[in-house]
Amino acid sequence: MRQLLGQEFEEFLFCYENDKYQALRLNPLKKGLQGGGTPYIKDVCKEPVPWAKDAFYYDKEERPGKHPYHEMGVYYIQEPSAMSAAAVLAPKPGMRVLDLCAAPGGKTTQLASYLMQQGLLVANEIHPARAKILSTNVERMGITNGIVTNEDSGTLADHFGCYFHAILVDSPCSGEGMFRKNPEAMEEWSPENVELCAARSEEILDNAARMLLPGGTLVYSTCTFAPEENEQEIANFLAKHEEFSLVSVDFPQFEKGRWEWLKEEQQKETVASEIEKTMRLWPHRLHGEGHFVACLKKAGQLPDYESGNTKNPSPNTNQTEAKRSNTKQPDAAQRKALEEFVNAALSQELADWIVQGNLIMFGEQLYRLPGEAPSLRGIHVLRAGTHIGEFKKNRLEPSHALALAMGEEDARSVVHLSGDDARTRAFFRGESLCVDGEQIQGADKGWCLVCVDHMSAGWGKLSNLQVKNHYPKGLRRELG
């Protein structure tokens, strides 16, 4: 870095003497959050992150990860520089979007906030353990149009073909932008690892190019400062893929990519002017750990993506294939149990959305596929849209994912708690609750949606002013 930055190096090095900047993004998918938020949110969210919508810095004294709102998916805690890539891609509702290297889920959940439950969001992670974390975060944020897969990029490219309107590749990198946040990244760094990461990114980008529709947008990002993984990587990609060109994006906080850091054989006049359209976020120039972002456009006319007008170009993903690929569909007895549950517990609108949707079974688990879902046969899927619930004997037990995707208007019975009520913390510990009649809205018996400050937290079962807790055992914890 001293060699690359020259006189700028001392300023760069000095910034690491200070604490890292911490930020969170409010979740616009969370029903009940609209309208400015609660007093707690207003106290914590004071200074906006300028390049990301609904994003705010918070003071290090705050502990939003220990607040009930975090468990409810009201916000996602994310390093502020890392919010840049999804902000540059900024997909439109109705698009089919792929987050190719998605764990732990910050960029996936940010992309979902642009789609607003419309279109399709495929989030992929090659490492199984990290893919499970990704799936958990997709659930926590109440995303209903998301599919989580656990595959390598080549397998996905073979499966989907030319399919997506927009793709994000936040490539696995040497992680120099993680040094302050994660000191272990320093131990893993080496020049050899930089070269290894660059080669891996080249393969991932090539496969991403195969999956992008003509006219589509591909955003490549890393959290490293290494030119081999950034400017040089993009120059190599452009040389191989003449159908792609870089797009200038107007974010005044970001600096231009450094064309002078290209390899000597890459430093042609045309390439240099293009490379300056890439973007660098420097930790000594803005409030974040640093990032590199490149926005690439594929030549051609982008197919229509407005809801209801999409035409699926891939032979792997027509409706007949999609139906054949379902592991199985609910049988008559399961359909009856489902209808009994939705008619008793859910609003008519939500009940119709579930019952009339494309339902599939994984074992005894019931999922509703997104409306634009392709065939999933032959790829490893961790989450196939919205998890509705699990069949146990002749009844359906609703899932936590369904609760977090709901608002109080979606349930026939609601128990209202406030954020400062001791019973709220007890609920997240898994304890049963005693409530009074004024806290109950709707039916006073059966499945109820437990809401905190008018936002969903999970399921309970009401009987005689007692709420039996159905918060998932694996998620129960002591909150601050």
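About the cut-offs
- Residues numbered from 1 in each chain as written.
- Predicted model: local features only at pLDDT ≥ 70, side-chain atom pairs only at ≥ 80, totals over all residues.
- Heavy atoms only, no water.
- Axes fitted to C-alpha atoms, helices over the stretch in contact; angles between N-to-C directions.
- Helix = DSSP H or I, 4+ residues; strand = E, 2+ residues; numbered from the N terminus.
- Parallel < 35°, antiparallel > 145°, perpendicular 65-115°, else oblique.
- Left-handed = near helix turned anticlockwise from the far one by under 90°.
- Contact = heavy atoms within 4.5 Å.
- Core = buried A, V, L, I, M, F, W, Y, C linked by side-chain atoms within 4.5 Å.
- Buried < 20%, exposed > 50% of the residue type's maximum accessible area, 1.4 Å probe, protein only.
- 1 Å grid on protein atoms, 1.4 Å probe; cavity = no way out; pocket = protein on both sides within 12 Å on 5 of 7 lines; lining within 4 Å.
- Points joined across faces, edges and corners; volume = space filled by probe spheres on them.
- Nonpolar A, V, L, I, M, F, W, Y, C, P; charged D, E, K, R; others polar.
- Polar contact = N/O pair within 3.5 Å; in protein donor to acceptor, adjacent residues only side chain to side chain.
- Pairing = 2+ DSSP bridges.
- Phe/Tyr/Trp six-rings, centres within 6.5 Å; stacked < 30°, edge-to-face > 60°.

A.B. asks: Now, about the packing of helix α14 (residues 332-345) against helix α15 (residues 348-355): what can you tell me, with residues and values included?
C.D. replies: What describes two packed helices is the angle between their axes and the distance between those same axes. Between α14 and α15, the shortest axis-to-axis distance is 10 Å and the interhelical angle comes to 160 degrees. For the element pair α14 / α15, the angle class is roughly antiparallel. Relative to α15, the crossing made by α14 is right-handed. Every residue of α15 that contacts α14 at Arg 335, Leu 338, Glu 339 and Val 342 is listed here: Ala 351, Ile 354 and Val 355.

A.B. asks: So, the environment of Val 293: which residues are in play, and what are the values?
C.D. replies: Take Val 293: it is sitting in strand β13 (residues 291-298). In sequence terms Val 293 and Arg 280 are 13 residues apart; their C-alpha atoms lie 6.5 Å from each other. What Val 293 contacts, discounting residues up to four positions off in sequence, is Ser 84, Ala 85, Val 88, Val 219, Tyr 220, Ser 221, Thr 278, Met 279 and Leu 281.

A.B. asks: Lay out the nonpolar core in plain terms, naming residues and giving numbers.
C.D. replies: Ranked by internal contacts, the top residues of the largest apolar core, which has 40 residues, are Leu 100, Ile 167, Val 169, Met 211, Leu 218 and Ile 234. If sequence neighbours within four positions are ignored, Ile 167 has contacts with Leu 89, Leu 98, Ala 208, Met 211, Leu 212, Thr 217, Leu 218 and Val 219. Listed in part, the 39 residues of the second largest apolar core include Ala 23, Leu 29, Leu 89 and Val 138.

A.B. asks: Break down empty space enclosed by the protein for me, with residues and values.
C.D. replies: Within the structure shown, the criterion is met by one cavity of 30 Å³ or more. What the largest cavity holds in volume is close to 60 Å³. Listed by contribution, the elements that provide at least two residues to the lining of the largest cavity are α7 (128-140), β17 (386-392) and α16 (400-405). The greatest single-element share of the lining of the largest cavity, amounting to three residues, is contributed by α16. Partitioning the lining of the largest cavity into residue classes produces five nonpolar, five polar and two charged.

A.B. asks: Could you give an account of the side chain of Arg 96, naming the residues involved and the relevant values?
C.D. replies: Position of Arg 96 relative to the elements: it lies in strand β5 (residues 96-99). A relative accessible area of 1% means that Arg 96 is categorised as buried. Among the polar contacts made by the side chain of Arg 96, one reaches the main-chain carbonyl oxygen of Tyr 163 at a distance of 3.0 Å.

A.B. asks: Explain the sheet that holds strand β3 (residues 55-57) residue by residue, including any values.
C.D. replies: The strand order across the open sheet built from four strands is β2-β3-β1-β4, with neighbouring strands paired in antiparallel fashion. What marks the edges here is a single partner per strand, and that holds for β2 (47-48) and β4 (75-77). Sheet topology note: the strand β1 (residues 23-26)/β4 ladder contains three bridges and is antiparallel. Across the sheet, Leu 24 pairs through a bridge with Ile 77, a residue of β4.

A.B. asks: Explain the pairing of strand β19 (residues 413-417) to me, and be specific about the residues and the numbers.
C.D. replies: By the criterion of burial, β19 is predominantly enclosed, with five of the five residues buried. Burial along β19 is two-sided: Ser 413, Val 415 and Leu 417 facing one way and Val 414 and His 416 facing the other are all buried. Two strands pair when backbone bridges link them, and β19 and strand β21 (residues 440-442) are joined in this way by three bridges, in the antiparallel orientation. Counted as the bridge partner of Val 414 is Gln 441 from β21. Sheet topology places β19 next to strand β22 (residues 446-452); four bridges connect them, and they run parallel. By the bridge assignment, Val 415 is partnered in β22 with Val 450.

A.B. asks: Give me the environment of Trp 282: which residues, what numbers.
C.D. replies: Along the chain, Trp 282 falls in the loop between β12 (279-281) and β13. Linking Trp 282 and Phe 292, residues 10 residues apart in sequence, is a C-alpha distance of 8.8 Å. When near neighbours in sequence (up to four residues on either side) are disregarded, Trp 282 contacts Met 1, Leu 5, Phe 12, Phe 225, Glu 255, Arg 258 and Trp 261.

A.B. asks: Describe the packing of helix α10 (residues 191-211) against helix α11 (residues 231-240), naming the residues involved and giving the relevant values.
C.D. replies: Between α10 and α11, whose axes approach to 10 Å, the crossing angle comes to 40 degrees. Classified by the angle between their axes, α10 and α11 sit oblique to one another. Crossing geometry of α10 relative to α11 is assigned as right-handed. Side by side, α10 and α11 meet where Ala 198, Ser 201, Glu 202, Leu 205, Asp 206 and Ala 209 of the first sit next to Glu 233, Phe 237 and Lys 240 of the second. Per-class residue counts for the contact of α10 with α11 are four nonpolar, one polar and four charged.

A.B. asks: Before we move on, can you summarise the sheet that holds β21 with the specific residues and values?
C.D. replies: In spatial order, the strands read β20-β24-β23-β22-β19-β21; together these six strands make up an open sheet with mixed pairing. Two strands close off the open sheet at either side, each with one partner strand: β20 (433-434) and β21. Across four bridges, the pairing between strand β23 (residues 455-463) and strand β24 (residues 466-469) is antiparallel. Within β24, the residue paired with Ser 463 across the bridge is Gln 466.

A.B. asks: Go over the packing of aromatic side chains, please, and point to the residues and values.
C.D. replies: For any pair of aromatic rings, geometry is given as the distance between the ring centres together with the angle between the planes. Here the structure, examined in full by the defined rule, presents 21 aromatic pairs. On the numbers, 5.8 Å between centres and 80 degrees between planes, the contact of Tyr 40 with Tyr 69 is edge-to-face. Linking Tyr 40 in helix α3 (residues 39-44) with Tyr 69 in helix α4 (residues 68-72), this pair joins segments that are 29 residues apart in sequence. Given the relative accessible area of 23%, Tyr 40 is considered partly exposed. Ring geometry for Phe 362 and Tyr 367: centres 5.6 Å apart, planes at 85 degrees, overall edge-to-face. Relative accessible area serves as the criterion here: at 29%, Phe 362 is assigned to the partly exposed category.

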